[in-house]
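Structural overview for review
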Amino acid sequence: MTTPATTTLATTTLATTTPATTPPATTQPAPPTEAAPALHTSHSSGEDGEFKRVTRMCFAVFMCFVFCFVPFLLLNIADKGNRAPHILHMFCANLTWLNSCINPVLYAVMNRQFRQAYHLLITRAIAPLAFLWRR
């Protein structure tokens, strides 16, 4: 004896595993509209400048990543026997951590919106401590 729940489950499983016998419906392209935007529109100078700034910031973040991680990777590949000085391994490992510390600074230096957000965050965090400077 089957319960309604198992019947529904069996029906759902059967419906999802059997292929559809109806042919797929053909779609017709939408008629062209009069105000359809072109695929490649030229950007205004403001948008183009913003794109360049974002691209420059992403490139700087990538270069810092490469600078911080490549020594660590090369040392681990070249020094499989751990013959290099321990301090060199520590320095390269600390460079990888430095990458995480550099990123917020890079964002703040290279992006006005991040700078404003950091300023707001810091002023709100310091506001409760303002009574220490009042006399």
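Some remarks on the pattern of salt bridges
A full pass over the atoms with the stated rule returns one salt bridge. Residues arginine 53 and glutamate 50 are paired through a salt bridge, measuring 2.9 Å at the closest nitrogen-oxygen approach. Of the two residues, arginine 53 and glutamate 50 are both situated in helix H2 (residues 45-78); the distance of three residues between them amounts to about one turn of the helix. A relative accessible area of 41% means that arginine 53 is categorised as partly exposed.

A short note on the confidence of the model for the chain
When the pLDDT values of the chain are averaged, the result is 79; 67% of them are 70 or greater. Across the chain, the secondary-structure element scoring lowest on mean pLDDT is helix H1 (residues 4-17), at 48, and the one scoring highest is helix H3 (residues 86-110), at 94. The model gives residues 6-19 a pLDDT under 50, and that stretch makes one contact with residues more than four places away or in other chains.

What to know about H2
Between its first and last C-alpha atoms H2 spans 48 Å; for 34 residues at 1.5 Å apiece the expected length is 50 Å, and the two agree. The sharpest bend along H2 comes to roughly 30°, located at phenylalanine 69, with the proline proline 71 sitting one to four residues further on. Taken together, the buried positions of H2 are Met57, Ala60, Val61, Cys64, Cys68 and Leu75. Those residues of H2 that are buried are in contact with H3.

Criteria and thresholds
- Residues numbered from 1 in each chain as written.
- Predicted model: local features only at pLDDT ≥ 70, side-chain atom pairs only at ≥ 80, totals over all residues.
- Heavy atoms only, no water.
- Salt bridge = Lys/Arg side-chain N within 4 Å of Asp/Glu carboxyl O.
- Helix = DSSP H or I, 4+ residues; strand = E, 2+ residues; numbered from the N terminus.
- Buried < 20%, exposed > 50% of the residue type's maximum accessible area, 1.4 Å probe, protein only.
- pLDDT = per-residue confidence, 0-100.
- Contact = heavy atoms within 4.5 Å.
- Expected span 1.5 Å × (residues − 1).
- Bend = angle between axes of the 7 residues up to and from the residue.

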